Amino acid sequence: MSELVGRYFDAAIAHLQRVRTEEAGSIEAAGALLAGAVAEGRRVFTFGSGHSSLAAQDVVYRAGGLVPVNLLDVPGMSGVTVMPAPLSSALERVSGLATTTLDLTPATAGDLLFVISLSGRQVMPVELAQYARGRGLTVIGVTSLAYPGEVPSAHPSGTYLKDHCDVVLDSKISVGDGELTHPAAETTFGPVSTIVTSALMQAVVASAVGRLADAAAAGTGPTPPLFRSGNVPGGTEWNAKQMADNADRVFYTY
């Protein structure tokens, strides 16, 4: 293994250890909100633009995941699926897109929304979180608190995603999202934001499932609605029943 590869793994592990320790309280707070939303029959949505969408997608319709978690999929903003790719970045700066998007979803007051944005400074995530809270949704933000103060907000209000959330999960990612350097490379490289952000999202799900399972064992709550792998016997049938049982809050099937 080259020295650079070793440094990359060391950086990823160090970040995971740091968020495990420093964000434990916020993870449990977010897990409590997610468990409450599921137990109360609320809708749950996740949103991220560009590469932040990868972490949003990671907890939707997957083995071991909670069934009633839906991706808020804005055309052109999920990963790098749109061509040309820079259009995704341009759309994140368009005012009004967030409010229009939320108005066209089945989201209502009392529902839960995760907004994922590494910098938390662009118009779309700020506007979406602000508008969602104004409509009575609970908002959990996943962002890096290293950006505010170092990088100006692109939103006209001068605020960041962190300013419009009920709970904030700090990924601790440094400005620029690169953990490695090389004398002949003109910028940093080796980002770990996707690894850390996905881990934070899965940790929140784990917290929520634990709470739901504890309540179910005590006879005070429903069994956690979880997906099984479609690659094990009976998995497909199990998942179809789970989606049918939660049809009123599942929006990725028909």
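Residues numbered from 1 in each chain as written. Predicted model: local features only at pLDDT ≥ 70, side-chain atom pairs only at ≥ 80, totals over all residues. Heavy atoms only, no water.

Visitor: In this structure, what is going on with the overall build of the protein? I would like to understand it.
Guide: If you tally the helices and strands in the protein, you get eight helices and five strands. The linear arrangement of helices and strands in the protein, starting from the amino end, is α-α-β-α-β-α-α-β-α-β-β-α-α. A compact globule built from 254 residues should have a C-alpha radius of gyration of about 18 Å, and the protein, at 19 Å, falls within 12% of that. With respect to the principal axes defined by its C-alpha atoms, the protein has extents near 60 × 45 × 35 Å. (Helix = DSSP H or I, 4+ residues; strand = E, 2+ residues; numbered from the N terminus. Rg over C-alpha atoms; globule rule 2.2 N^0.38 Å.)

Visitor: Honestly, the sheet that holds strand E5 (residues 167-170) in this entry has me stumped. Any pointers?
Guide: Each strand in a sheet pairs with its neighbour through backbone hydrogen bonds, running either in the same direction (parallel) or in the opposite one (antiparallel). Pairing is parallel across the open sheet formed by five strands, whose spatial order is E2-E1-E3-E4-E5. Edge positions in the sheet fall to strand E2 (69-71) and E5, since each has one partner strand and no second. Each strand axis lies, on average, 20° off the axis of its neighbour in the sheet, ignoring direction. Against the sheet, helix H6 (residues 123-134) engages strand E1 (44-48), strand E3 (112-116) and strand E4 (138-143), with an angle of about 165° to E3. Along the sheet, helix H7 (residues 193-217) makes contact with E1, E3, E4 and E5, crossing E3 at roughly 165°. (Pairing = 2+ DSSP bridges. Axes fitted to C-alpha atoms, helices over the stretch in contact; angles between N-to-C directions. Contact = heavy atoms within 4.5 Å.)

Visitor: Could you clarify how one ought to interpret the packing of helix H1 (residues 3-22) against H7 in this entry?
Guide: Helix-helix packing: each pair is described by the crossing angle between the helix axes and the interaxial distance. For the pair H1 and H7, the least separation of the axes is 10 Å and the interaxial angle reads 30°. Comparing their axes, H7 and H1 come out roughly parallel. Crossing of H1 over H7 shows right-handed handedness. Contact with H1, carried on its side by Tyr 8, Ala 12, His 15, Leu 16 and Val 19, involves Ile 195, Val 196, Ala 199 and Leu 200 of H7 and no other residues of that element. Of the residues belonging to the contact of H1 with H7, the class tally is eight nonpolar, one polar and no charged. (Parallel < 35°, antiparallel > 145°, perpendicular 65-115°, else oblique. Left-handed = near helix turned anticlockwise from the far one by under 90°. Nonpolar A, V, L, I, M, F, W, Y, C, P; charged D, E, K, R; others polar.)

Visitor: What am I meant to see in a nonpolar patch on the surface here?
Guide: Side chains of Met 1, Val 5, Phe 9 and Ile 13 sit close together on the surface and give an oily, nonpolar patch of about 430 Å² of accessible area. Note that Met 1 resides in the segment before H1. (Patch = residues over 30% accessible without salt bridge, like charges linked within 9 Å, V, L, I, M, F, W, Y side chains within 5 Å. Areas by Shrake-Rupley, 256 points an atom, 1.4 Å probe, with all protein chains shown as cover. Salt bridge = Lys/Arg side-chain N within 4 Å of Asp/Glu carboxyl O.)

Visitor: Is there a simple way to think about the packing of aromatic side chains in this case?
Guide: In this description, a pair of aromatic rings is defined by centroid distance and the angle of the planes. Under the definition given, this model contains three aromatic pairs. On the numbers, 6.0 Å between centres and 10° between planes, the contact of Phe 45 with Phe 251 is stacked. Taken together, the residues Phe 45 in strand E1 and Phe 251 in the segment after helix H8 (235-245) connect sequence positions 206 residues apart. On the accessibility criterion, Phe 45 (5% relative accessible area) is buried. Ring centres of Tyr 61 and Phe 227 lie 5.2 Å apart, and the angle between their planes is 85°; this geometry places the pair in the edge-to-face category. Residue Tyr 61 is found in the loop between helix H3 (52-57) and E2, and its partner Phe 227 is found in the loop between H7 and H8; the two are separated by 166 residues along the sequence. Against the face of Trp 238 rests Arg 228, its NZ or CZ located 3.5 Å from the ring centre. (Phe/Tyr/Trp six-rings, centres within 6.5 Å; stacked < 30°, edge-to-face > 60°. Buried < 20%, exposed > 50% of the residue type's maximum accessible area, 1.4 Å probe, protein only. Lys NZ or Arg CZ within 6 Å of the ring centre and 35° of its normal.)

Visitor: In this structure, what is going on with H1? I would like to understand it.
Guide: Three- or four-residue spacings in an α-helix give side chains the same orientation, since the helix completes a turn every 3.6 residues. An ideal rise of 1.5 Å per residue puts 28 Å on 20 residues; H1 measures up with 28 Å between its terminal C-alpha atoms. Of all the positions in H1, only Gly 6, Ala 11, Ala 12, His 15 and Val 19 are classed as buried. Elements that come into contact with the buried residues of H1 comprise helix H2 (24-39), E5 and H7. (Expected span 1.5 Å × (residues − 1).)

Visitor: Just checking my understanding: could you explain H7 for this structure?
Guide: With 25 residues, H7 ought to run about 36 Å at 1.5 Å a step, and its terminal C-alpha atoms sit 36 Å apart, in line with that. Listing the buried residues of H7 in full gives Ser 193, Val 196, Thr 197, Ser 198, Leu 200, Met 201, Val 204, Val 205, Ser 207, Ala 208, Val 209 and Leu 212. Gly 219, located one to two residues past H7, shows a positive phi value of around 75°.

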